[in-house]
Amino acid sequence: MTTTDHLSDVHDWAMAQNESADAIRALLRVPARLRLLDADLGSIPADLGHFERCIAGQGHALVSRAQDMARSGAREDSRLRALLRRYHAARSGAGLSDPRVRARYDALIAIIAAEEGPPGSGARWNSGKHRLLWTLRARARLAPEALTQAEIDLISAEMSADKRKGLRKTVRFLEELRRLTNELPDLQTFLPPAPLTPPAGSSRARKMDWSALPAPFRASFEAAADACLVGVDDQAEALLARIEAGEDPEAVMAEADAMAEGPRRELGKPTAARTRYRGAVSWLVRSWEDAGGDADELRDLRPLFDRITIETAIRDQITRSAGAPDLRDPLDSTTLQARLVALTTLARRGLKDARAVAILMLLGQQHYEVPRRKLKKDRGGAGVLMEVDRIAGMLRQRPELAGIWANAPQRIADAARRDIAAAQAAKQRDKEISALRRFAGAAAYALQLSRPLRPACLRHTRIASAGEVSANLVRVAPRKDLLTFRYAPWEVKNDRDVSVDVTGSDAAILREWLDTGRPRMVELQGLDPDNIYLFPGDALPKRDEGDPVDLPRGAYAPSSFLDLWRDASAVLGVHETPHRMRHVAAMLTLAAHPGDYARVSAILGNTEATARTHYGRDNGEAAARQSRAAMLAAHPDLFKTLNRRHRR
């Protein structure tokens, strides 16, 4: 339900209705969870959709000191959700959900659960299929046989984009049940009166089918991308061919000298670069179609690189992102910048079109760079534009977060051990797998906080060799409190050797995962016992053109690994992606070693200048505090005297 009311209105109503103190306390902590002032309670919308998208699951670590942030946060969100529903029910005059409606969903769930069984048992559905109906049981006001499209759309509007994915699966499952009424006649009395359509997904633009584009157009793109990705050896061959074809040798050599003096370097991951180029071109093709063009008529890449098409694509992305509740602000996101950089590279190196390069750079400055700088200035450097500044703001609000992150592997491992023991005692296979995934998250945190890696390196970390594929784990010492991982240059984005030493309690967690947790995970999930990955799965890693070997099947899929990481982060009450943990590691390092940007650059693998640019804070603030403290210690009445003089 959407409303123009705000949380301050909910607070006034809750106080008048003598609602529970716990619910009111949870309501009053919402501004702090969002890094706002208490007075901002009157500016936060009170509709359930905004709560699910922007509040639920956010910022518990900023207001709570619970040991198990996941359970504490879920409990607080549940209180808030129920309070908002009671408020809207009282405001609209509608009662809460009818117990008879819930009973109908319970009956349908029982029918589904009776047809479930473990994989390979021959049951109609795998265990847990009935859980898809839990969302409707909790939210729907209508029984399943009375469910309408309007009710589905209303439920969808009150959900975040992630939860909406589950609702779409639920609706599709309900429609599948229509085909089973002959085999399960009892289902007939529970089916909705009319077919239901899954709710729309996120506000992202429609996907483009690259393979459906004309072959000549795709060939034109590949030629341009090849020119962008050409290596030094290929450049030399091309220059020699031009000389042999009769071109002036001095002119060719002058061009070669200019190329050698330029900042261009070898690409470590050409396949990833080609994927970025293709995504940016697909973005332009979509804009071309939206403006009335026919993509089937495209034969060459060049017609897309005109001002109208590029500017239309930019404006459409900015408008859609700014107006969508489930997308980031276009100036906070770097998606637009990344697309413009990829297109500029294609125009400069692939098409050699100076006019297109100029158009892209000027439009980028006009629509992205200048507004972004202006917004950052208007916000007073509060730091909502950059992820680094956002994390720094959280640490300023609650310095204890540094301790939570520093001890994250141990906290997550402790919670996982409790869950594993409980699941094993109850002989619940699914819950034990979930708990083991959380322990895997503890191991991932231990590795990532020791030295932050790219998410792909983390997912593809290997503990054994297989043919030409070497292991990353190196047992260089008999010590129990040390594990070393080494990554070859072809595995690393900036083409350099990287070593990670995991020591102390982090090494103990990794050894426990290797000795007990990982083998149990392989057994329960029926994975290959010879799996070589630290985090075993069933995905086949994609090979980049720059990779000398093919990695075997058995890694975690990217989306599944992010889910694993998110589940582990729930214990902490604060979630940062594996990639953003490099910012956390940098700030924790600077907290322990103030001003040591050389140490940060060594940990992150970038330059000291880059580390200072990204993680340097206003040292004048700290200097001012220290100076004032020193002066007060020496002259306690100094500032009183100054104040008296100013008042005169």
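Placed above this text is the structure.
Every chain is numbered on its own, with residues counted from 1 as its sequence reads. Totals for whole chains, interfaces and linings use all residues, but because this is a predicted model, local features are given only for residues with pLDDT of at least 70 and pairs of side-chain atoms are given and counted only at 80 or more. Side-chain figures throughout are based on the complete set of non-hydrogen atoms in the structure, without hydrogens or water.

Novice: Quick question: what am I supposed to make of the environment of Gly 393 here?
Specialist: In this description a helix means any DSSP run of H or I spanning at least four residues, a strand means any run of E spanning at least two, and both kinds are numbered starting from the N terminus. Within the secondary structure layout, Gly 393 lies in helix α17 (residues 387-397). For Gly 393, a relative accessible area of 18% corresponds to the buried category. Each C-alpha atom of the pair Gly 393 and Arg 35 lies 8.1 Å from the other, and the pair is 358 residues apart in sequence. Each residue gets one of three labels from its accessible area relative to the maximum for its type: buried under 20%, exposed over 50%, partly exposed in between, using a 1.4 Å probe on protein chains only.

Novice: Sorry if this is basic, but what is going on with the pairing of strand β5 (residues 498-503) here?
Specialist: Regular strands show a simple pattern: their side chains alternate between the two faces of the sheet. By the alternation rule, side chains of β5 split into Val 498, Val 500 and Val 502, which are all buried, and Ser 499, Asp 501 and Thr 503, of which none is buried. By this definition, two strands are paired if DSSP reports at least two bridges between them. Pairing between strand β4 (residues 482-487) and β5: six bridges, direction antiparallel. For Leu 483, the partnering residue across the bridge sits in β5 and is Val 502.

Novice: I tried to follow the pattern of salt bridges on my own but got confused; where do I start?
Specialist: As a working rule, side chains carrying opposite charge can pair if their charged atoms are close by. Each salt bridge in this description consists of a side-chain nitrogen of Lys or Arg and a carboxyl oxygen of Asp or Glu lying within 4 Å of one another. Under the defined criterion, the tally for this structure stands at 35 salt bridges. A salt bridge links Arg 139 to Glu 52; the shortest N-O distance between them is 3.3 Å. Here Arg 139 is found in helix α7 (residues 134-139), whereas its partner Glu 52 is found in helix α4 (residues 48-55), with 87 residues between them in sequence. You'll find Arg 139 and Glu 52 in the same group, each marked buried. For Arg 307, the salt bridge identified is with Glu 311, shortest N-O distance 3.1 Å. With a gap of four residues between them, Arg 307 and Glu 311 both fall in helix α14 (residues 307-323), about one helical turn apart. Counted as one network, the salt bridges with shared partners bring together Arg 29, Arg 33, Glu 76 and Asp 77.

Novice: In this structure, what is going on with the sheet that holds β5? I would like to understand it.
Specialist: In any sheet, the strands associate via hydrogen bonds between backbone groups, in a parallel or an antiparallel arrangement. Spatial strand order, β3-β4-β5: three strands in an open sheet with antiparallel pairing. Across the chains shown, the open sheet's two edge strands, defined by having one partner strand only, are β3 (473-474) and β5. The contact criterion used throughout is that any non-hydrogen atoms of two residues lie within 4.5 Å. Each axis is a line fitted through C-alpha atoms, taken for helices only over the stretch in contact, and angles between the N-to-C directions span 0 to 180 degrees. Most of the contacts of helix α20 (residues 429-450) go to β5, to which it runs at about 120°, and overall it touches β4 and β5. Packed on one face of the sheet, helix α22 (residues 504-525) meets β3, β4 and β5 and runs near 95° to β5.

Novice: What should I look at first to understand unusual backbone geometry in this one?
Specialist: With the exception of glycine, the majority of residues adopt a negative phi angle, and the majority of peptide bonds are in the trans configuration. One non-glycine residue with positive phi stands out, namely Asn 18, at about 55°. Along the chain, Asn 18 turns up in the loop between α1 (7-16) and α2 (21-28).

Novice: Teacher, can you tell me more about helix α25 (residues 597-604) here?
Specialist: Every α-helix winds through 3.6 residues per turn, so residues three or four apart in the chain are directed the same way. For α25, the full list of buried residues reads Tyr 597, Val 600, Ser 601 and Leu 604. Buried residues in α25, looked at end-on, bunch into an arc of 100°, giving them a common side. Working definition: the arc comes from the directions between the helix axis and the C-beta atoms, pointing outward to the latter.

Novice: For this particular structure, what's the right way to read helix α8 (residues 149-157)?
Specialist: When α8 is considered as a whole, its buried residues turn out to be Glu 151, Ile 152, Ile 155 and Ser 156. Taken end-on, α8 shows its buried residues confined to a sector of 140°, consistent with a single buried face.

Novice: Please clarify how empty space enclosed by the protein should be interpreted in this entry.
Specialist: With a probe scaled to a water molecule rolled over the atoms, the places where space remains empty come into view. Here the term cavity refers to a set of points on a 1 Å grid, laid over the protein atoms alone, in which a 1.4 Å probe fits but cannot get out; the term pocket refers to an open set having protein on both sides within 12 Å along at least five of seven lines, with lining residues being those that place an atom within 4 Å of a point. Grid points are joined across faces, edges and corners, and a volume is the space filled by probe spheres set on the points. Scanning the model with the defined rule gives two cavities of 30 Å³ or more in all. Considered as a void within the structure, the largest cavity measures approximately 40 Å³ in volume. Lining the largest cavity, in full, are Leu 7, Leu 27, Val 30, Phe 51, Ile 55, Leu 80 and Leu 84. Counting only elements with at least two residues in the lining of the largest cavity, the list comes to α4 and α5 (69-92). The residue inventory of the lining of the largest cavity, partitioned by class, reads seven nonpolar, no polar and no charged. In this count, Pro and Cys sit with the nonpolar residues alongside Ala, Val, Leu, Ile, Met, Phe, Trp and Tyr, while Asp, Glu, Lys and Arg are called charged and the others, Gly among them, polar.

Novice: When you look at the packing of helix α13 (residues 270-290) against α14 in this model, what are you seeing that I'm missing?
Specialist: When two helices pack together, their arrangement is given by the angle between the helix axes and by the axis-to-axis distance. Here α13 crosses α14 at 95°, and the two axes come no closer than 9 Å. The angle between α13 and α14 falls in the class roughly perpendicular. When α13 is examined against α14, the residues Trp 283, Leu 284, Ser 287 and Trp 288 are found in contact with a partner set consisting of Thr 309, Ile 310, Thr 312, Ala 313, Ile 314 and Gln 317. Oblique is the label for any angle not under 35 degrees, not over 145, and not in the 65 to 115 range, which are roughly parallel, roughly antiparallel and roughly perpendicular in turn.

Novice: Just checking my understanding: could you explain the packing of aromatic side chains for this structure?
Specialist: Centre distance and the angle of the planes are the two values used to describe a pair of aromatic rings. Stacked, tilted and edge-to-face are the three classes assigned to paired rings of Phe, Tyr and Trp, where Trp is represented by its six-membered ring and a pair needs centres within 6.5 Å; plane angles under 30 degrees give stacked, over 60 edge-to-face, the rest tilted. Under the criterion given, the structure shown has eight aromatic pairs. Members of the aromatic cluster, each reached through a chain of ring pairs, are Trp 210, Phe 217 and Phe 221. Across from the ring centre of Trp 125, 6.0 Å away, lies the NZ or CZ of Arg 124, which sits over that ring. Sitting over a ring, as applied to charges here, requires NZ of Lys or CZ of Arg to be within 6 Å of the ring centre and within 35 degrees of the ring normal.

Novice: I keep staring at the packing of helix α19 (residues 408-426) against α22 and nothing clicks. Help me out?
Specialist: One way to put it is that α19 packs onto α22 with a least axis distance of 11 Å and a crossing angle of 25°. Classified by the angle between their axes, α19 and α22 sit roughly parallel to one another. In this structure, the crossing between α19 and α22 has a hand that is left-handed. Taken together, the residues of α22 that come into contact with α19 (itself represented by Pro 409, Gln 410, Ala 413, Arg 417 and Gln 424) are Ser 505, Asp 506, Ile 509, Glu 512 and Arg 520. Taken together, the residues of the contact of α19 with α22 sort by class into three nonpolar, three polar and four charged. For a crossing to be left-handed, the near helix must be turned anticlockwise from the far one by less than a right angle; the clockwise case is right-handed.

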